[in-house]
Amino acid sequence: MIISRNKSTILKGLAILSVFISHYGILSQVAATGVAVFLFLSGYGLEKSTSKNGLDSFWKKRIRSVYIPYWIVTITFTILLALTSNFSLYDYIKYISIINFDSKIDPTMWYVTYLTLCYFIFYIINKHIKNNIPFAYLISPFILLLVTQPSFGSSYGVILYFPYFFFGALFARYSALIKKDIPSKAVFTLVILTILTMYFSITHVYTPTYFMSILLSTITLILLPDKLFNKGFISSKMLKIGNISYELYLIEGVMIMTINGSLMKYIHEGYIRIPIIFISTIILSLILKKIIDSSIINKIKLNIN
C-alpha cells in the first residue's frame with residue numbers, strides 16, 4: 001500500500017488545519033493527531049527518498065526544504081518583534097536557532113527541533129547500521145523518547161509523538177507488501193474506535209486512552225483508500241493547503257502568539273480577529289512558498305552532503 005503524493009499532500013493539509021484551529025482552543029485534541037500525521041509522513045517520505053537516492057545530499061536537501069524557510073521566518077519576525085516587543089536577546093537567539101526547546105516567542109517551533117533529532121537518528125542509522133535497519137527503526141523511538149522527554153517542557157507533550165517518525169519509515173519499507181486497500185469494514189471499525197477513544201479522553205490528557213486515540217486516528221487516516229483523496233471540492237482545497245503546509249506551520253505560530261495579542265488591543269471580537277489572522281497567515285505562507293521555490297534560493301550552493 002503506497003501512499004500517493006496526492007494523499008500525502010491532502011493529509012498534510014488536514015494536519016496543519018487541525019493544528020491551526022487547536023491553537024485557538026477549538027478541538028484542541030485533534031492537533032496531536034495532526035502532529036503525529038506530519039511526523040509519520042516525514043519518516044515515510046524520507047525513507048522512500050533514501051531507498052532511491054541513498055544519503056546523497058541528505059543534509060543539503062534538509063537545509064533547503066526545512067531550515068532555510070525556518071530561518072527566513074524566524075529572522076524576519078525577530079527583526080519585526082525587536083521593534084515592538086520586550087523579548088531578551090537570549091530569547092531571540094533561541095528562536096532563530098534550531099536548539100529551540102522552550103521558546104517564549106513561538107513555542108510551536110519545538111517541532112523543528114524535534115524533527116532535527118529524528119533526522120540525526122535516521123542519518124546515523126542509514127549511514128552506519130546498514131545490516132539491521134528495520135530493528136534500528138523499531139528501537140529508535142525509545143531512544144528519541146529518552147533524549148526528548150527531559151529536554152522539552154511537559155507542556156509540549158513529546159511523549160505523545162515518539163513512535164510516529166520511525167513508524168512512518170518502517171511503513172515505507174514494507175508498504176509495498178500490502179497489495180490492496182484495507183477492507184471498508186476494517187476502516188469503519190477503526191473510525192468508530194477512534195471516535196470512542198477521543199470521546200473518552202477529552203478531559204484526560206496524557207492518559208493511555210488519549211495516546212490510543214492519537215494512534216488510532218493516525219492509523220485510520222494513513223489507511224484510508226486513495227480514491228477518497230482523488231476527487232471533490234474538499235480534496236482540491238486540501239491539496240492547495242497541503243502544498244504550503246510547512247510554510248503555514250512556520251508562520252501561524254508566531255502570528256497567533258504575538259500578532260494576535262497586538263490585535264486584541266484594537267479588535268476584541270474573536271470572530272473578527274481570527275479570520276484576519278488566518279487570511280494573513282495564508283497570504284504570508286504563499287509569499288514564503290514563492291520565495292523558497294524561487295531561483296535565488298535554488299542557486300545557493302551548499303558544500304555539504
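Reading guide: rules and limits
- Residues numbered from 1 in each chain as written.
- Predicted model: local features only at pLDDT ≥ 70, side-chain atom pairs only at ≥ 80, totals over all residues.
- Heavy atoms only, no water.
- Core = buried A, V, L, I, M, F, W, Y, C linked by side-chain atoms within 4.5 Å.
- Buried < 20%, exposed > 50% of the residue type's maximum accessible area, 1.4 Å probe, protein only.
- Helix = DSSP H or I, 4+ residues; strand = E, 2+ residues; numbered from the N terminus.
- Contact = heavy atoms within 4.5 Å.
- Patch = residues over 30% accessible without salt bridge, like charges linked within 9 Å, V, L, I, M, F, W, Y side chains within 5 Å.
- Areas by Shrake-Rupley, 256 points an atom, 1.4 Å probe, with all protein chains shown as cover.
- Salt bridge = Lys/Arg side-chain N within 4 Å of Asp/Glu carboxyl O.
- Axes fitted to C-alpha atoms, helices over the stretch in contact; angles between N-to-C directions.
- Parallel < 35°, antiparallel > 145°, perpendicular 65-115°, else oblique.
- Left-handed = near helix turned anticlockwise from the far one by under 90°.
- Nonpolar A, V, L, I, M, F, W, Y, C, P; charged D, E, K, R; others polar.
- Expected span 1.5 Å × (residues − 1).
- Bend = angle between axes of the 7 residues up to and from the residue.

**Describing the nonpolar core**
Next up, step 1: L39, W110, Y114, Y119, F165 and L250 are the most contacted members of the largest nonpolar core, which totals 86 residues.
Next up, step 2: Counting residues per element, this core draws most heavily on helix α5 (residues 110-128), which supplies 11 residues.
Next up, step 3: Y114 has contacts with L39, L144, T148, F152, V158, Y161 and F162, leaving out every residue within four places of it along the chain.

**Concerning a nonpolar patch on the surface**
Next up, step 1: The grouping of F188, I192, L193, I195, L196, Y199, F200 and I202 at the surface amounts to a nonpolar patch, some 840 Å² of accessible area in total.
Next up, step 2: In this fold, F200 is placed in helix α8 (residues 184-200).

**Observations concerning the packing of helix α2 (residues 29-53) against helix α7 (residues 164-174)**
Two measures define how a pair of helices packs: the angle their axes make with one another and the distance between the axes.
Next up, step 1: Where α2 contacts α7, the axes come no closer than 6 Å and their chain directions differ by 40°. Judged by the angle between their axes, α2 and α7 are oblique. Note on packing geometry: the crossing formed by α2 with α7 is right-handed. Residues A36, L39, F40, S42, G43, Y44, L46, E47 and K48 of α2 lie in contact with α7, whose contacting residues are Y164, F165, F167, G168, A169, F171, A172 and R173.
Next up, step 2: Taken together, the residues that form the contact of α2 with α7 break down as 11 nonpolar, three polar and three charged.

**Topic: helix α6 (residues 133-151)**
Next up, step 1: Compared with the 27 Å implied by 1.5 Å per residue over 19 residues, the 26 Å span of α6 between its first and last C-alpha is a close match.
Next up, step 2: At I139, α6 shows its strongest bend, of approximately 35°, with the proline P141 following within four residues.
Next up, step 3: I133, A136, Y137, S140, P141, L144, L145 and T148 are the residues of α6 that are buried.
Next up, step 4: The inward-facing, buried residues of α6 abut α2, α5 and α7.

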